[in-house]
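Observations on the three-dimensional arrangement
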Amino acid sequence: MTPADLSRTVLHAVHRAVAENALHAPVPARVRVERTRPGGSGDYACAVALQLAGDAGLPALEVARILRERVAAEPGIGRVEITGPGFLSFTLDAPGDSDRAVLDAVREQGSAYGHGGALGDEVLQFHHAREVRAAVTADAVRRLVVSQGARVRISCEEAGEVREAEWGLLGVTVDAYGTPSVTSPADPSAPLIPVRPVPAGATARELLERLGPDATRWGLLRPASHDRAPLGDELLVQGEANPLFLVRYAYARTRALTRGATALGFTPATDAAPYESPARPLLDLLADHPRVLLAAARHRAPDRVARQLEAVAHAFFDFHDSCPPLPSGDEKPSAAHRSRLALAEAAGTVLAGGLSLLGISAPAHL
């Protein structure tokens, strides 16, 4: 069971409690679960009972008891405890089960891992200025909300005969009426949602000539929209200090590991054993990826995806250096190598999928 699965399980328990008249409170749109802090109980914790107590007119401990009864019997849940003023603490089934569930989900869903239908009822229309950062941001937001099931249309402010044909080279297609192409039908009467990041201070042509499309999109999307976008030559540096290079190099390295394993005659494990401790940060980031994508879509914040990819890349290299996925010298491929390779490939899949949502390519060789 992944954190996203656990969140849905708890939310389903709330729905059931309300439907059965055990609780009289509005059902939240989502339930947040977090890794238990050092010294805490269980694998994950949730404060939903404290959140609902006021509206339910019950003590948080009583709300927690009602929800515990409805969560404890769910598959993948080993134990549910009530701690403190009403926190729910969850212990998942046998160690390694949740890790396998995450890797299975990545393997089965591929680059669509983390996509879902949480915004399936939403019809959105974004409207942006005729400016390159606004156009690229609106395009990335569209990709994000569509990945979560929303229907989307994007419109652009008119500016006489001024056209930005170069936007097409950045993955933004504008028709003769100034409206980017629509990939999901939407209600044209939907209220306009403005997309107005701090302007780039340069035209698309200038940025493309100096940086190329991938570095331009990363430079425009990596900062939060209310921050100025640094668009200097540091985006082209082929070194770890450049986050874009780090993310793409991490992906390329995962592909090289797969090629190396093929040459040595072994494949990733599909029933990975419990991982060494250096793998834990990477496993946790992969498990958290669906929540990050949904939050980025809800908040119209592609910069959250960029920061998530940076964190995955750093954790991948830490894991790679501590637990090499390929044997060295006369060493023979072992079960540990097959498990490590499975984790490395999952990291590569998440990196490629995240870059795709930002409209940036993921080269297999770098």
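Let me sum up the structure you'll find in this document. Each chain has its residues counted from 1, running along the sequence as written. Where local features are concerned, this predicted model is filtered to residues with pLDDT of at least 70; where side-chain atom pairs are given and counted, the filter is 80 or more; whole-chain, interface and lining totals use all residues. Hydrogen atoms and water are omitted, and side-chain values are computed over all heavy atoms in the structure.

Glancing now at the sheet that holds strand 3 (residues 77-83). Where strands meet in a sheet, backbone hydrogen bonds hold them as pairs that are either parallel or antiparallel. With respect to topology, 4 strands assemble into an open sheet ordered 1-2-4-3, the strand pairing being antiparallel. Two strands close off the open sheet at either side, each with one partner strand: strand 1 (33-35) and strand 3. Each strand axis lies, on average, 30 degrees off the axis of its neighbour in the sheet, ignoring direction. Of the strand pairs in this sheet, strand 1 and strand 2 (residues 44-46) are connected by 3 bridges, and their pairing is antiparallel. Paired with Val33 across the strands is Cys46, a residue of strand 2. Two strands are said to pair when DSSP picks up at least two bridges between them. Numbered from the N terminus, helices here are DSSP runs of H or I no shorter than four residues, and strands are runs of E no shorter than two. The axes are straight lines fitted to the C-alpha atoms, using for helices just the contacting stretch, and the angles between their N-to-C directions are given from 0 to 180°.

The strand order 6-5-7 describes an open sheet built from 3 strands, whose pairing is parallel. On the outer flanks of this sheet lie strand 6 (151-156) and strand 7 (192-195), each paired with one strand and no other. Ignoring strand direction, the axes of neighbouring strands in this sheet form an average angle of 30 degrees. The sheet contact formed by strand 5 (residues 123-128) and strand 7 spans 4 bridges and is parallel.

With that out of the way, let us pick up the nonpolar core. If you look at soluble globular proteins, the nonpolar side chains tend to sit buried side by side. By nonpolar core we mean a set of buried residues, namely Ala, Val, Leu, Ile, Met, Phe, Trp, Tyr and Cys, connected to one another through side-chain atoms within 4.5 Å. Only protein chains enter the calculation, and the probe is 1.4 Å; a residue is then buried if its accessible area is under 20% of its type maximum, exposed if over 50%, and partly exposed in between. Counting 78 residues, the largest nonpolar core has Val132, Val145, Trp218, Leu282, Leu286 and Leu343 as its most contacted members. Tallying contributions element by element places helix 10 (residues 335-357) first for this core, with 11 residues. Contacts are assigned to residue pairs with any non-hydrogen atoms lying within 4.5 Å of each other. Every residue in contact with Val132, bar those within four places of it in the chain, is listed here: Trp167, Leu170, Ala200, Ala202, Thr203, Ala204, Leu207 and Leu220.

Turning to its location among the elements, Asp99 is positioned in helix 4 (residues 97-109). Relative accessible area serves as the criterion here: at 6%, Asp99 is assigned to the buried category.

Before going further, it helps to examine the pairing of strand 6. One ladder, built from 6 bridges, connects strand 5 with strand 6; its direction is parallel. Bridging across to strand 6, Phe126 finds its partner in Ile154. Every crossover in which the path from the first strand over the helix to the second runs clockwise, viewed with the strands pointing away from the viewer, is termed right-handed. Between strand 5 and its parallel partner strand 6, the chain crosses via helix 5 (residues 132-147), and the hand of that crossover is right-handed.

The term salt bridge refers to a pairing of a side-chain nitrogen on Lys or Arg with a carboxyl oxygen on Asp or Glu at a separation within 4 Å. One pass over the full model with this rule turns up 20 salt bridges. The partner of Glu20 in a salt bridge is Arg16, with the nearest N and O atoms 3.8 Å apart. Look at Arg16 and you get partly exposed, because its relative accessible area is 29%. A salt bridge links Arg222 to Glu310; the shortest N-O distance between them is 2.3 Å. In this pair, Arg222 sits in the loop between helix 6 (204-221) and helix 7 (243-264) while Glu310 sits in helix 9 (residues 302-322), placing the two residues 88 residues apart along the sequence. Arg222 sits in the partly exposed class, given a relative accessible area of 25%. Among the charged side chains, a salt-bridge network with shared partners connects Arg16, Glu20, Glu62, Arg65, Glu69 and Arg70.

Under the pairing criterion, centres of Phe, Tyr and Trp rings, with the six-membered ring standing for Trp, must be within 6.5 Å; the plane angle then separates stacked pairs below 30 degrees from edge-to-face pairs above 60, leaving the rest tilted. Using the criterion set out here, one finds 3 aromatic pairs in the structure. The interplanar angle of 20 degrees and the centroid separation of 5.5 Å between the aromatic rings of Tyr249 and Phe317 together place this pair among those described as stacked. Of the two residues, Tyr249 is situated in helix 7 and Phe317 in helix 9; the sequence distance between them amounts to 68 residues. A relative accessible area of 34% means that Tyr249 is categorised as partly exposed. Its relative accessible area of 15% is what places Phe317 among the buried residues. By the ring-pair criterion, three or more aromatic residues cluster together here, those being Phe245, Tyr249, Phe316 and Phe317.

All right, on to the side chain of His337 then. Inspection of the secondary structure puts His337 in helix 10. Looking at His337, the relative accessible area reads 2%, which means it is buried. Under this definition, polar contacts are N or O atom pairs within 3.5 Å; protein pairs additionally need one hydrogen-donor-capable and one acceptor-capable atom, and for neighbouring residues in sequence, both atoms have to be side-chain atoms. In this structure the side chain of His337 is engaged in a polar contact, spanning 3.0 Å, whose partner is the side chain of Ser334.

Taken together, the buried positions of helix 2 (residues 48-56) are Val48, Ala49, Leu52, Ala53 and Ala56. One side of helix 2 carries all its buried residues, which in axial view fall inside an arc of 135 degrees. Exposed residues on helix 2 whose side chains face more than 90 degrees from its buried face are Gly54 and Asp55. Looking at the buried side of helix 2, the elements it contacts are helix 1 (3-19), strand 2, helix 3 (60-71) and strand 4 (87-92). One or two steps after helix 2, the chain reaches Gly57, where phi turns positive at roughly 70 degrees. What the arc covers is the set of directions going from the helix axis to the C-beta atoms.

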